[in-house]
Structure formats: C-alpha cells, structure tokens
Amino acid sequence: DAKTTQPTSMDCAEGRAANLPCNHSTISGNEYVYWYRQIHSQGPQYIIHGLKNNETNEMASLIITEDRKSSTLILPHATLRDTAVYYCIVRVGAGGTSYGKLTFGQGTILTVHP
Amino acid sequence: DTEVTQTPKHLVMGMTNKKSLKCEQHMGHRAMYWYKQKAKKPPELMFVYSYEKLSINESVPSRFSPECPNSSLLNLHLHALQPEDSALYLCASSQGRQGRNTEAFFGQGTRLTVV
C-alpha cells in the first residue's frame, strides 16, 4: 500500500471548516483513499473514502486532486467533538490481492477550539 | 447494527497467565482483523482473517494466537506475554473481498496490561 504524509497537528475554531490535507504521491491506479478518525481511547471510526471523484457524506467531504497524488478531508462545520486523530490511508479496493491490509500512518491531531 | 463488540474492555494479566480476547460482529462481515496500538502511536495490523481463514500474519510472535471459530467471532489467545505487550488491542471487520463496501468497522478495544 502507498505511503501517506499528513501534518502532525492542526487547529480549527469551532463552527469553521476544518481542511485536513494528505499527500499520497505514490498511489496506484487501483488504490482508494480512506479517512478514519480516532477519538481518545476509542476505536477508529470510518469517515469516507474515494477513488478519483470527490465524495460527500453526512460527516465530511473528500476532495481528490486530478492526478490523485493528494487529497483533502473537509469537515464543514467543526465541533469540539471532532477533536481527534485523523488518519489518511490508501489501500486496494475489494478484490485486490492485498485487500486485507489497512495500514495506518501517524495521522493528524486535529484540535477544535471554542 | 454496525457494532463490533470486544470483551473484556480491560484486562490485567501476569506473564505466566493464559487469557483470551474476544471480538464479535453480526454484520455478516467475512473479513476480521486484529490490531495492536501502543500509547500515542497508530494502530498496527497483526492478523487478518478472510472467510474464516488466516490470510495475513504480520510476523506476530507466537505468544499471540488468533482463532476464528465462525464468521461472527474472532479470538486472540494470549500466553506468556511480556510487559511490552501492554497495549490497546483493536478488532475490526469489513465485508470481505466480494463485498461492494470496503470500509472497516472497529470495536472499542481491550486495554491490556501485562504485569
């Protein structure tokens, strides 16, 4: 699976959009971009994933650049409860030979301030 | 129901003890995972079961022994652990290779302390 690079930490004011970047310059054509977050002492929580098109769900939006070498997770209206470690992961989709591996990098610690 | 249930939530064991961690899901998922997470570090993959067969072992020491008795259950048997094995152990599940949805759901973990 391709490696990802994320900033170590970011701050955001409550109510503002949080934009979390991720670089994955060695991503392969069959690898998806996944985002998870982990709130302190809890299990990681799935947020969103995409292949090449932008994606949106009730939690967040995912913007993937045209060359797929980077992406941005957007939390449109951050709340205090969004304070967590956010992980950007690239992995092969269903049916791929290395499908089972979900490898976490260091992630970004997002702190939302009042 | 998108829940992965892990028991116990906390476990303290001696280095000569044998204990087991349990994980259960009822989402019909056919892939199940064990991860280990040390403090302030990301989760590290240990094992992957696909359709009840061990498909990935990330060179985990033999004192950790996984078992998948059926498609809903995943166990991690522990024997002769060391204090450095103290960590949060996370279980996860996903649909499996044939499923359309590939996101993994995680349990809340078992916090293990080896004394």
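Novice: Before we go on, may I ask you to explain the overall build of chain B in this structure?
Specialist: Looking only at helices and strands, chain B features zero helices and 11 strands. From first element to last, N terminus to C terminus, chain B shows the α and β order β-β-β-β-β-β-β-β-β-β-β. Relative to a compact globule of 115 residues, whose C-alpha radius of gyration would be 13 Å, chain B shows 13 Å and is just as compact. By its C-alpha atoms, chain B is 45 × 25 × 20 Å across when sized along the principal axes. Burial analysis of chain B (115 residues in total) assigns 49% to the buried set. By sequence separation, contacts in chain B at least 24 residues apart represent 54% of the contacts at least 6 residues apart. Surface exposure of chain B reaches about 5700 Å², of which carbon and sulfur atoms provide 49%. Taken as two groups, the 14 positive and 10 negative side-chain charges of chain B have centres that lie 4 Å from each other.

Novice: What is the right way to look at the nonpolar core in this model?
Specialist: Generally speaking, soluble globular proteins have nonpolar side chains that are buried together. Counting residues in hydrophobic clusters, the biggest one holds 23 residues, and the most contacted among them are Trp34(B), Phe64(B), Leu76(B) and Leu78(B). At the level of secondary structure, the elements contributing two or more residues to this core comprise β2 (10–13), β3 (18–25), β4 (31–37), β5 (44–50), β7 (64–70), β8 (73–79), β9 (87–94) and β11 (110–114) of chain B. Within the second largest apolar cluster, 21 residues are counted, among which are Ile47(A), Ala60(A), Leu73(A) and Tyr86(A).

Novice: How should the sheet that holds strand β6 (residues 61–64) of chain A be read in this particular structure?
Specialist: The pairing of strands in a sheet comes from backbone hydrogen bonds and takes either a parallel or an antiparallel form. The sheet built from four strands is open, its strands ordered β2-β7-β6-β5 (chain A) with antiparallel pairing. In this open sheet, the two strands that pair with only one neighbour each are β2 (18–23) and β5 (55–56) of chain A.

Novice: Explain the packing of aromatic side chains here, please?
Specialist: Aromatic ring pairs: the centre-centre distance and the angle between the two ring planes describe each pair. Counted by the stated rule, this structure contains 10 aromatic pairs over all chains. Plain terms: the ring middles of Tyr36(A) and Phe106(B) are 6.0 Å apart, the flat faces sit at 85° to each other, and that makes the pair edge-to-face. Here the residue Tyr36(A) occupies a position in strand β3 (residues 31–38), and Phe106(B) occupies one in strand β10 (residues 105–106), the pair thus bridging two chains. As far as burial versus exposure is concerned, Tyr36(A) and Phe106(B) are alike and both buried. Geometrically, the ring pair formed by Tyr35(B) and Phe106(B) is tilted, given 5.5 Å between the ring centres and 50° between the ring planes.

Novice: Would you mind going over the sheet that holds β3(A) with me for this structure?
Specialist: Residues and elements named next belong to chain A. In spatial order, the strands read β1-β9-β8-β3-β4; together these five strands make up an open sheet with mixed pairing. Here the strands that pair on one side only, and so sit at the sheet edges, are β1 (9–13) and β4 (45–50). Each strand of the sheet is rotated relative to its neighbour by a mean of 25°, with strand direction disregarded. Note that strand β8 (residues 84–92) and strand β9 (residues 108–113) share three bridges and pair antiparallel. Counted as the bridge partner of Tyr 86 is Thr 108 from β9.

The rules behind the values
- Residues numbered from 1 in each chain as written.
- Chains lettered and ligands numbered in written order.
- Predicted model: local features only at pLDDT ≥ 70, side-chain atom pairs only at ≥ 80, totals over all residues.
- Heavy atoms only, no water.
- Helix = DSSP H or I, 4+ residues; strand = E, 2+ residues; numbered from the N terminus.
- Rg over C-alpha atoms; globule rule 2.2 N^0.38 Å.
- Buried < 20%, exposed > 50% of the residue type's maximum accessible area, 1.4 Å probe, protein only.
- Contact = heavy atoms within 4.5 Å.
- Areas by Shrake-Rupley, 256 points an atom, 1.4 Å probe, with all protein chains shown as cover.
- Lys, Arg positive; Asp, Glu negative; His and termini not counted.
- Charge placed at Lys NZ, Arg CZ, Asp CG, Glu CD.
- Core = buried A, V, L, I, M, F, W, Y, C linked by side-chain atoms within 4.5 Å.
- Pairing = 2+ DSSP bridges.
- Phe/Tyr/Trp six-rings, centres within 6.5 Å; stacked < 30°, edge-to-face > 60°.
- Axes fitted to C-alpha atoms, helices over the stretch in contact; angles between N-to-C directions.

Geometry only, nothing functional implied.
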